[in-house]
Amino acid sequence: MFSKRTGWKLAENAYTRALRAHQQSGRRILDLTASNPTTCGFQYDEAAILSTLGSPASLRYDPDPKGLLSARVAIASYYREMNPRADVDPERLMLTTGTSEAYSFLFRLLCEPGDEVVVAQPSYPLFEFLAAIQDIRLRPFRLLYDHGWQIDFHALEQAITKRAKAILLVHPNNPTGQFIRRDEADKLRSICAQRGLALVIDEVFLDYRLARSNSPASRHGTFAAEPRALTFALSGLSKVSALPQMKIGWIAASGPDALVRDALARLEIISDTYLSLSAPLQNALPALLAERRRMQPHLIARVETNLANLDAALAGQRLVSRLEMEGGWYAVLRVPAIQSDEEFAIRLLEQHGVLVQPGHFYEFPGDGYLVVSLLTPTEDFSRGVRELLACVAGG
């Protein structure tokens, strides 16, 4: 009765069963996976946020497939504030209900059933589901790690087949936290232009740069105003303003004029078919986007504090290490690969009450990788790290 594309394994895995059993037992969990800012103890300006949703203009239905112009102008201003040279035209912006819908639109725009999108690994696990729902396939290639993450361009080019339609990267990567470098960006443009591929760049974590990361001058900035290859930069309020419940994302299209015009004309029809964004949220977007100025410093301070505490704890032992990162909300840990990541994560939960994500969730190459969120409230984070190190030391 049901389509093959929804033939997922719906049974609980061992990790999920262990978590459910721990929750039902009533025992406390030190959650080092917590990454929802609305539940991590941050203080929001509730009155200001709620007041944005009461505009009388929201009582009028006046749909625009690209989204309200006032909202798109605010997003263009955000990019200019980020980089004065990023001249983003509001007419080249399209609003979506989050980046997941943006991916859906782009996969429909670029791909026939069975076509392929080349994607870096490790990376965001949701991509596999988004691709399957749109009847396309992912062609993964591995990122290299050598005192920091980098793109393996040989592996990338080998992953490009005749059915490839786009290269997809997260900038900075989730969960590795590496930014695309300027020289890497130039190579990506050249490959896409020569091969006739679109470049899709997810920039939801772009504002979250670590002050103490290496070589900040070598990082590429936003891809929202690229001249050489057809490029789609994605972002949204979920990370930019720490408002995941306000389901607004956007696509910034750039590249050769003829390709961009054609792409936007087709995207407008796709968007017009759904018109999924509500008027209250679109009217509220300029004010909600402005909330980033208040919220981002608090989130960055939490990330920096937790990272400093993590490094201090790691300095006192030699079994666990942290991989280099430049931004984002996550840290990747290397632990002795004496059992699978999932088995270790279950043991850590059952014996120490600490929840982490196994590296295989993100397609890390082998065992011995754990992912922890740096948004976890600091006291819980530090306690969780101590318990994690005790678990590793105990064998």
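Cut-offs used in this document
Residues numbered from 1 in each chain as written. Predicted model: local features only at pLDDT ≥ 70, side-chain atom pairs only at ≥ 80, totals over all residues. Heavy atoms only, no water. Pairing = 2+ DSSP bridges. Helix = DSSP H or I, 4+ residues; strand = E, 2+ residues; numbered from the N terminus. 1 Å grid on protein atoms, 1.4 Å probe; cavity = no way out; pocket = protein on both sides within 12 Å on 5 of 7 lines; lining within 4 Å. Points joined across faces, edges and corners; volume = space filled by probe spheres on them. Nonpolar A, V, L, I, M, F, W, Y, C, P; charged D, E, K, R; others polar. Salt bridge = Lys/Arg side-chain N within 4 Å of Asp/Glu carboxyl O. Buried < 20%, exposed > 50% of the residue type's maximum accessible area, 1.4 Å probe, protein only. Patch = residues over 30% accessible without salt bridge, like charges linked within 9 Å, V, L, I, M, F, W, Y side chains within 5 Å. Areas by Shrake-Rupley, 256 points an atom, 1.4 Å probe, with all protein chains shown as cover. Core = buried A, V, L, I, M, F, W, Y, C linked by side-chain atoms within 4.5 Å. Contact = heavy atoms within 4.5 Å. Disulfide = S-S within 2.5 Å. Phe/Tyr/Trp six-rings, centres within 6.5 Å; stacked < 30°, edge-to-face > 60°.

Some thoughts on the sheet that holds strand E11 (residues 330–334)
Piece 1. The strand order across the open sheet built from 4 strands is E10-E11-E14-E13, with neighbouring strands paired in antiparallel fashion. Of all the strands in the sheet, just strand E10 (321–322) and strand E13 (357–358) have a single pairing partner and so form its edges.
Piece 2. Two elements, E13 and strand E14 (residues 369–373), share 2 bridges in a ladder whose sense is antiparallel. Considered in E14, the bridge of proline 358 is made with leucine 370.

Considering the layout of surface pockets
Piece 1. Quantified by volume, the largest pocket comes out at close to 690 Å³.
Piece 2. Along its surface, the largest pocket is lined by 35 residues, and Tyr124, Leu126, Asn174, Lys239 and Tyr330 are the ones closest to its centre.
Piece 3. Counting only elements with at least two residues in the lining of the largest pocket, the list comes to helix H4 (99–110), helix H5 (126–133), strand E8 (231–236) and helix H8 (237–240).
Piece 4. Broken down by class, the residue content of the lining of the largest pocket amounts to 18 nonpolar, 14 polar and 3 charged.
Piece 5. Roughly 520 Å³ of internal volume is contained in the second largest pocket.
Piece 6. Looking at the second largest pocket, it is lined by 20 residues, and the ones nearest its centre are Pro125, Glu128, Phe129, Phe361 and Glu363.
Piece 7. Among the elements of the structure, strand E3 (116–121), H5 and strand E4 (137–145) are those that each provide at least two residues to the lining of the second largest pocket.
Piece 8. The biggest single contributor to the lining of the second largest pocket is H5, with 4 residues.
Piece 9. The residue makeup of the lining of the second largest pocket, split by class, is 14 nonpolar, 3 polar and 3 charged.

Examining the pattern of salt bridges
Piece 1. Going through the model one piece at a time under the given rule, you end up with 22 salt bridges.
Piece 2. Between arginine 181 and glutamate 184 there is a salt bridge; the shortest N-O distance is 3.4 Å.
Piece 3. Overall, the relative accessible area of 26% leaves arginine 181 in the partly exposed class.
Piece 4. Through salt bridges that share partners, Asp64, Lys66, Arg72, Glu91 and Glu268 make up one connected network.

What to know about a nonpolar patch on the surface
Piece 1. A contiguous nonpolar surface patch, about 420 Å² in accessible area, is contributed by Trp8, Leu10, Phe129 and Ile133.
Piece 2. Within the secondary structure, phenylalanine 129 sits in helix H5.

Overview of the nonpolar core
Piece 1. Residues Phe141, Leu156 and Ile167 are the most contacted members of the largest nonpolar core, which totals 100 residues.
Piece 2. Here isoleucine 167 is in contact with Val118, Leu156, Ile160, Leu188, Ile191, Cys192, Leu197, Ala198, Leu199 and Val200, once residues within four sequence places are set aside.
Piece 3. Counting residues in each nonpolar core, the second largest holds 31 residues, with Met94, Leu110, Ala166 and Val170 among its members.

Some remarks on the state of the cysteines
Piece 1. Applying the stated criterion across every chain, the model contains 0 disulfides.
Piece 2. Counting only cysteine sulfurs, cysteine 192 is the nearest neighbor of cysteine 111, a cysteine outside any disulfide, at a range of 13 Å.

Some thoughts on the packing of aromatic side chains
Piece 1. Under the criterion given, the structure shown has 14 aromatic pairs.
Piece 2. Judged by centre distance (5.8 Å) and plane angle (55°), the rings of tryptophan 8 and phenylalanine 129 are tilted. Of this pair, tryptophan 8 sits in the segment before helix H1 (14–25) while phenylalanine 129 sits in helix H5, placing them 121 residues apart in sequence.
Piece 3. Ring geometry for phenylalanine 205 and tryptophan 329: centres 5.2 Å apart, planes at 80°, overall edge-to-face.

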